[in-house]
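Reading the structure
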Amino acid sequence: MRMFIGSPARMIPEIEPIMASISNIQNLKVVGLNNFHLTYLFLGEIDPKETDRIVMELNKISCKKFSAKISGIKALPNIHHPRVIVLLLESPYLDQLYNRISLLLPEYANNEKKFLPHITIARVRNGNPIPDISRLPIGEGMLPIDELCLFKSILTREGSIYERFWCNEFY
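Structure report, in brief. (Residues numbered from 1 in each chain as written. Predicted model: local features only at pLDDT ≥ 70, side-chain atom pairs only at ≥ 80, totals over all residues. Heavy atoms only, no water.)

A short note on the state of the cysteines
Counting across every chain of the model gives one disulfide. Here Cys 149 engages in a disulfide with Cys 167; their sulfurs sit 2.2 Å apart. With the S-S bond torsion at 110°, the cross-link from Cys 149 to Cys 167 turns out right-handed. Placement of the pair is Cys 149 in strand β8 (residues 147–156) and Cys 167 in strand β9 (residues 159–169), with a sequence separation of 18 residues. The closest cysteine sulfur to the non-disulfide-bonded Cys 63 is located on Cys 149, 13 Å from its own sulfur. (Disulfide = S-S within 2.5 Å. Helix = DSSP H or I, 4+ residues; strand = E, 2+ residues; numbered from the N terminus.)

A short note on the side chain of Thr 51
Assignment of secondary structure puts Thr 51 in helix α2 (residues 50–58). For Thr 51, a relative accessible area of 4% corresponds to the buried category. (Buried < 20%, exposed > 50% of the residue type's maximum accessible area, 1.4 Å probe, protein only.)

Regarding the nonpolar core
Counting 51 residues, the largest nonpolar core has Ile 5, Tyr 40, Leu 58, Ile 85 and Ile 121 as the members making the most contacts within it. Sequence-distant contacts of Ile 5, defined by excluding residues within four places in its chain, comprise Leu 38, Thr 39, Tyr 40, Leu 41, Leu 43, Leu 58, Ile 101, Leu 105, Leu 148, Cys 149 and Leu 150. (Core = buried A, V, L, I, M, F, W, Y, C linked by side-chain atoms within 4.5 Å. Contact = heavy atoms within 4.5 Å.)

Considering α2
Looking only at α2, the buried set comprises Thr 51, Ile 54, Val 55, Glu 57 and Leu 58. Considered in projection along α2, the buried side chains sweep an arc of 160° and stay on one side of the axis. Those residues of α2 that are buried are in contact with β1 (2–8), β3 (37–45), α3 (92–104), β8 and β9. (Arc of directions from axis to C-beta.)

Set out below in structure tokens:
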């Protein structure tokens, strides 16, 4: 199974104008609201037997509900070779949660890359050029983070489908 650890993200009013702005950009495929999420660790292809151990480790995490500030919009890996458009998030709790998960599951942590909290809002078709999105107005919204999940990612012709395999609500 192809899996990742993340938190589901909800649509908040501050995201709506951003989504409306990018929906008019050619070469973009906007992510469906049911697929909004923040990824802490991408696990890749996991043996179903390994999921029990992963869930056991994730059950050790206890966290209060918190909010992350939407701090910007960016093309990744960069504006010259864009693959995705993301909303950047800021919160010390996101870094703490990422660090806790990485300590519990070090074999999946990518210590060579700095954790960049974000939500993918669009995918760029075939790496085609896009206009500079950094000037789009971003409302200073606070995104609630209230759940940690192990997601199963199913690839289809129409796009990815993310199923919640295991979830833990924050208190």
